[in-house]
Amino acid sequence: MTRLNIPVSVLDLAPIRQGEDQLQAIEATAQLAQATEKMGYQRYWIAEHHNSPTLVSSATAILIKHVLEQTESIRVGSGGIMLPNHAPLVVAEQFGTMATLYPDRVDLGLGRAPGTDLLTANALRRSRGNDPVHTFPSDVQSLLNYLGPVDEQGHVKAYPGVATHVPLYILGSSTDSAKLAADLGLPYVFASHFAPRHMSEAIEIYRDHFRPSRYLAEPYMVVCLNVIIAETDQEAERELTTTEQFFLNVIRGETQPLSPPVDDIESIWTPREKMAVQTMINQSWVGSQASVRDQMVDFQIKYDVDEIMAVSYIFDREKQTRSYQLFKNIVTENQ
């Protein structure tokens, strides 16, 4: 039987919309978290990005804390903390403090990329010695230790943090991250919303190599997708042009705010740019509620994942909220 009644969650990069400022973007993040909490979403994650004038998620832990303050029950976390930019002890202290304030509501998703350009990554880098990208596996292990049982701590401890057992998730868009998550027995989140190329292979590797651990008895596979749902297929396709413009900016190296949908996207990009954008977002669910349900059925027949994390770059906030409600309807109607 095809599983549709699975947890659904939100990933937010906290973008600044055209005509708005940074404060309004932060307010929009909290408001969307409140709305999706009422809908019954499982978790609300915020992604770390630096030197991006159209995103307000650089101080990720602070923004997570703000969303925790503005909500009551939804899990809130990082999608993810880019570990090359941070000392594991500091991350453990930050998330341990939040877990102390908000018990059983904090998640810690971890990525091995810097989440920015090379010059900014060098400015963020915590040391000039070993490349922290290559120390990612040992840094994850350090975090597991810092947040773990009291009797397994070394001399250096995270206060608060010890024994908070903040759940860790490995994020990735490659087979390397899949193998690491499997080896450590941790949940795995694949970033199909911008890098779907290796998704099938990564899912297979994670499941085939998974080692049961104190954290998980069985693999737990989350896939992050762009999800755009509207009242009709045609309206959803038009709303998708906001997402397409977002990734077109990435390809061009431009820093435009989140833009309204357009009627003729073909007039904006070149054939080569179109191909590049569509390669990045070819794992997107777009259409009416009925159409996206069919897309979800097809996906689950093939992959049978445990959770979907939805990214919805929709310019109009009310339409964005509506899209999340329609998506939740799909899984709710199959309970």
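Okay, so let's go over this structure. (Residues numbered from 1 in each chain as written. Predicted model: local features only at pLDDT ≥ 70, side-chain atom pairs only at ≥ 80, totals over all residues. Heavy atoms only, no water.)

To continue, consider the pattern of salt bridges. Across all of its chains, the model carries 17 salt bridges by this definition. Where E307 meets R43, a salt bridge forms, and the shortest distance between an N and an O atom there is 2.8 Å. Of the two residues, E307 sits in strand β9 (residues 307-311) while R43 sits in strand β2 (residues 43-46), which places them 264 residues apart along the sequence. Residues E307 and R43 agree in their burial class; the two are buried. In this structure, the salt-bridge partner of K179 is D183, at a minimum N-O distance of 3.0 Å. Of this pair, K179 and D183 both sit in helix α6 (residues 175-184), four residues apart, which is roughly one turn of the helix. K179 gets classed as partly exposed once you look at its relative accessible area, which sits at 31%. Taken together, the salt bridges that share partners define one network made up of R43, R75, D104, D107 and E307. (Salt bridge = Lys/Arg side-chain N within 4 Å of Asp/Glu carboxyl O. Helix = DSSP H or I, 4+ residues; strand = E, 2+ residues; numbered from the N terminus. Buried < 20%, exposed > 50% of the residue type's maximum accessible area, 1.4 Å probe, protein only.)

Looking along the chain, the bond that leaves G79 and enters G80 is cis, with omega of 5°. Mapped onto the elements, G80 comes out in strand β3 (residues 75-82). Look at the link from Y159 to P160: it is a cis peptide, with omega at -10°. Summarising the element assignment, P160 is placed in the loop between α5 (136-146) and β5 (168-172). Unlike most non-glycine residues, D104 shows phi in positive territory, near 60°.

What follows deals with the side chain of S78. Positionally, S78 belongs in strand β3. One polar contact links the side chain of S78 to the main-chain amide nitrogen of I81, over a distance of 3.5 Å. Engagement of the side chain of S78 in a polar contact is seen with the backbone oxygen of G109, the distance being 2.9 Å. Contact partners of S78, with chain neighbours within four places excluded, come to W45, I46, I64, F95, D107, L108 and G109. (Polar contact = N/O pair within 3.5 Å; in protein donor to acceptor, adjacent residues only side chain to side chain. Contact = heavy atoms within 4.5 Å.)

Attention now moves to helix α3 (residues 88-101). The end-to-end C-alpha distance of α3, which contains 14 residues, comes to 20 Å, matching closely the 20 Å that a straight helix rising 1.5 Å per residue would cover. Summarising the contacts, the buried residues of α3 are in contact with α2 (60-70), β3, β4 (106-111) and α5. (Expected span 1.5 Å × (residues − 1).)

As a further point, take the nonpolar core. Within the largest apolar cluster, 77 residues are counted, with the highest numbers of intra-cluster contacts made by L108, V140, I308 and F327. Setting aside its immediate chain neighbours within four residues, I308 contacts I6, P7, V8, S9, V223, L225, W285, F299 and F327. Counting 28 residues, the second-largest nonpolar core is a separate cluster that includes L11, L55, L171 and V277. (Core = buried A, V, L, I, M, F, W, Y, C linked by side-chain atoms within 4.5 Å.)

Burial analysis of β4 places six of its six residues in the buried class, the great majority of the element. Of the two faces of β4, the one holding V106, L108 and L110 and the one holding D107, G109 and G111 are both buried throughout. Across five bridges, β3 lies against β4 in parallel orientation. For M82, the partnering residue across the bridge sits in β4 and is G111. (Pairing = 2+ DSSP bridges.)

Note that Q245 resides in helix α8 (residues 233-252). The class for Q245 is buried, based on a relative accessible area of 12%. A distance of 2.9 Å separates a polar side-chain atom of Q245 from the backbone oxygen of P260.

This brings us to the packing of helix α1 (residues 22-39) against α2. Viewed as axis vectors pointing N to C, α1 and α2 meet at an angle of 45°, and their least axial separation amounts to 9 Å. Put simply, α1 runs oblique to α2. Like other packed secondary-structure pairs, α1 and α2 cross with a definite hand, here right-handed. Taken together, the residues of α2 that come into contact with α1 (itself represented by I26, T29, A30, A33 and Q34) are L63, H66, V67 and Q70. (Axes fitted to C-alpha atoms, helices over the stretch in contact; angles between N-to-C directions. Parallel < 35°, antiparallel > 145°, perpendicular 65-115°, else oblique. Left-handed = near helix turned anticlockwise from the far one by under 90°.)

Taken by themselves, the reported measurements are silent on function.
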